[in-house]
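Below are the chains, spelled out letter by letter.
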Amino acid sequence: MVRAVVHQKTYMVEEGTTLGELAGKIQKPGGPVILLAYANGKLKELFRPIEENSYIRFVTLEEQAGYMTYKRTAMFMFLKACEDVLGAGAVDDIAINYSIGNSTFCEFLVKDIQVTTQLALRIQNQMEQLRDQDLPITKYSVDTSKARKYFESIGLREKQKLFRFRRGSKTNMYCLDGYENYFYGYMAPSTGYIANFLVSPYQDGLVLQTPKRHQTEKIAKFYPQPKLFRVMQRSREWSKTLGVDTVGALNEEITKGNISHLILLQEGLQEKLLSDIADKIVQEDKKIVLIAGPSSSGKTTFSHRLSIQLEIAGKKPHPISLDDYFLDREMSPKDELGNYNFETIASLDTELFSRHMNQLLHGEKISMPSYNFLTGKREYRGHELQLAQHDVFVIEGIHGLNSRLSKNLPDESKYKIYVSALSQINLDEHNRIPSSDGRLLRRIVRDAMTRGNDARETIARWDSVRQGEEENIFPYQEEADIMFNSAQIYELAVLKQYAEPLLFAVPEDCPEHQEAKRLLKFLDYFLNIKSEDIPKTSLLREFIGGSCFET
């Protein structure tokens, strides 16, 4: 017998009892489903046996690791259902492209498959059968060279490329009722764990919906986000045109010595897009440009580069930070823990901002505020502003798209831009790279370089940052007149050399170690790109240093 301690309660179990079997004794009826477990501080799948005295903490759908496991397992079931409905080998022509909210967009790469409501319903029904049968999902290890040859033989070329550069001699594979595939990350032990999902047609593909992380009992209504979808489609089409839409393809370009050319192409594309945006602002004679986006999206460098393009077009840009319109600290709202909440728009003096902007539009001269983060007070330091004929105000802040901020400003004067770092490449056909991982790595590197925060601190705060984005940024992204993708095809291969030492430094005995370990395993897929080739004007320089802009 071995001792398992769960929430200070001790269970004596037979040696070899699985974590899943113990979870079954603890799972509350109707409660969030248990999907993984920490055993003595190490994250494990539920089929793993308990072989020694252990302190165990179970992970549910409400935690990020459990949420991603739920989505990943649902995707495995989706691919298996496609095989059952469309025939063996069908998934070779399915690409898992990107997320839209809590949904994942799946594209069929062959012309003879007609995506219809009927097809979505057939796949949905087959997934429900798989769920109701509660089929086991097994995991086994094979030689990496054998896995590579297997994927080459069945036509999954991007997986074959990925494993060409894999350093580990062994690779983990998953099997569901005879269907085998490789997935980056953990799985639930059986299909019965994945109770809720919905398959629907969208555009020219299918959307697989799963519950939101904090709404575990139902599928939230799917709200199409056409602007976000279009910018993600354009980014994927661009990466496909370059022939670099997966990590394996990127690694091949690195080994061929083609990276300098790829960097020039990527930077040139972004400059062209910035020029197009500036031309649009000038053509429509916009006076107020509002820029918003989530953490580490590159808003600051974007605003600098846009300002240069506006100057080229004959305008005089004036940068304005919404941070300078913070309320004095003692007047700021507090969160449920009693801490000042600077993520909510209620922390901004929107009335003063609206009054100032309208005064400027009417030709009046105003004194601009400046927020002192040390004292928590708004100050006036003699900075006066008045709108001239060719002036444009470039305003940057996380609440830039929130209608509460600019509802009293004339629509004909406003131009709204949403900036985010949306992953342009995936690991392979069936393993997408979450955009949030790229932004987290950006922030880890930048925080260590400019703010003195170690990776542990940044990881610890990331969940709160993401929650703030869900509440204050993402709901307004479709309000933008245009979206700009600041991610670069090659950037993770550059960030790797900066992030790895920081992640290795996260202590093993802290809660953030598991996330640091996951990110290290993820970065191991990439070959390095030296940073010397990155231009000083690049958005990436905001995070790795060496930018010619004040960031």
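For the structure itself, look to the data block above.
Residues numbered from 1 in each chain as written. Predicted model: local features only at pLDDT ≥ 70, side-chain atom pairs only at ≥ 80, totals over all residues. Heavy atoms only, no water.

A. Here's a closer look at the pattern of salt bridges. Scanning all chains against the criterion turns up 33 salt bridges. The partner of Asp285 in a salt bridge is Lys287, and the shortest N-O contact between them spans 3.6 Å. Judged by relative accessible area, which is 41%, Asp285 ranks as partly exposed. In this structure, the salt-bridge partner of Glu469 is Arg439, at a minimum N-O distance of 2.8 Å. Note that Glu469 is positioned in helix α13 (residues 455-472) and Arg439 in helix α12 (residues 435-451), a separation of 30 residues in sequence. (Salt bridge = Lys/Arg side-chain N within 4 Å of Asp/Glu carboxyl O. Buried < 20%, exposed > 50% of the residue type's maximum accessible area, 1.4 Å probe, protein only. Helix = DSSP H or I, 4+ residues; strand = E, 2+ residues; numbered from the N terminus.)

B. Expanded view of the sheet that holds strand β5 (residues 54-60). Here five strands make up an open sheet; going across it, the order is β2-β1-β5-β3-β4 and the pairing mixed. With partners counted over all chains shown, the strands left at the sheet margins are β2 (9-13) and β4 (42-45), one partner each. Direction aside, neighbouring strands of the sheet carry axes that sit 35 degrees apart on average. (Pairing = 2+ DSSP bridges. Axes fitted to C-alpha atoms, helices over the stretch in contact; angles between N-to-C directions.)

C. How the structure looks around unusual backbone geometry. The residue Asn40 is not glycine, and still its phi comes out positive at about 55 degrees. Its location among the elements puts Asn40 in the loop between β3 (34-39) and β4. A relative accessible area of 36% places Asn40 in the partly exposed class. Despite not being glycine, Asp285 shows a phi value in the positive range, around 55 degrees. If you trace the backbone, Asp285 turns up in the loop between α8 (259-283) and β13 (288-292).

D. Spatial organisation of the side chain of Asn181. With respect to the helices and strands, the residue Asn181 is situated in strand β10 (residues 179-181). The contact partners of Asn181, leaving out residues within four places of it in the chain, are Phe76, Leu79, Phe151, Lys159, Met173, Tyr174 and His430. (Contact = heavy atoms within 4.5 Å.)

E. Expanded view of the sheet that holds strand β11 (residues 198-202). Spatially, β6-β7-β12-β11 is the arrangement adopted by the four strands of the open sheet, whose pairing is antiparallel. The sheet is open, and its two borders are formed by β6 (94-100) and β11, each paired with just one other strand. Direction aside, the axes of adjacent strands within the sheet are offset by 30 degrees on average. Pairing between strand β7 (residues 103-108) and strand β12 (residues 205-209): five bridges, direction antiparallel. When the sheet's bridge partners are listed, Phe105 is paired in β12 with Val207. Relative to β11, helix α3 (residues 117-133) is tilted by about 165 degrees, and along the sheet it contacts β7, β11 and β12.

These values are about where atoms sit, not about what they do.
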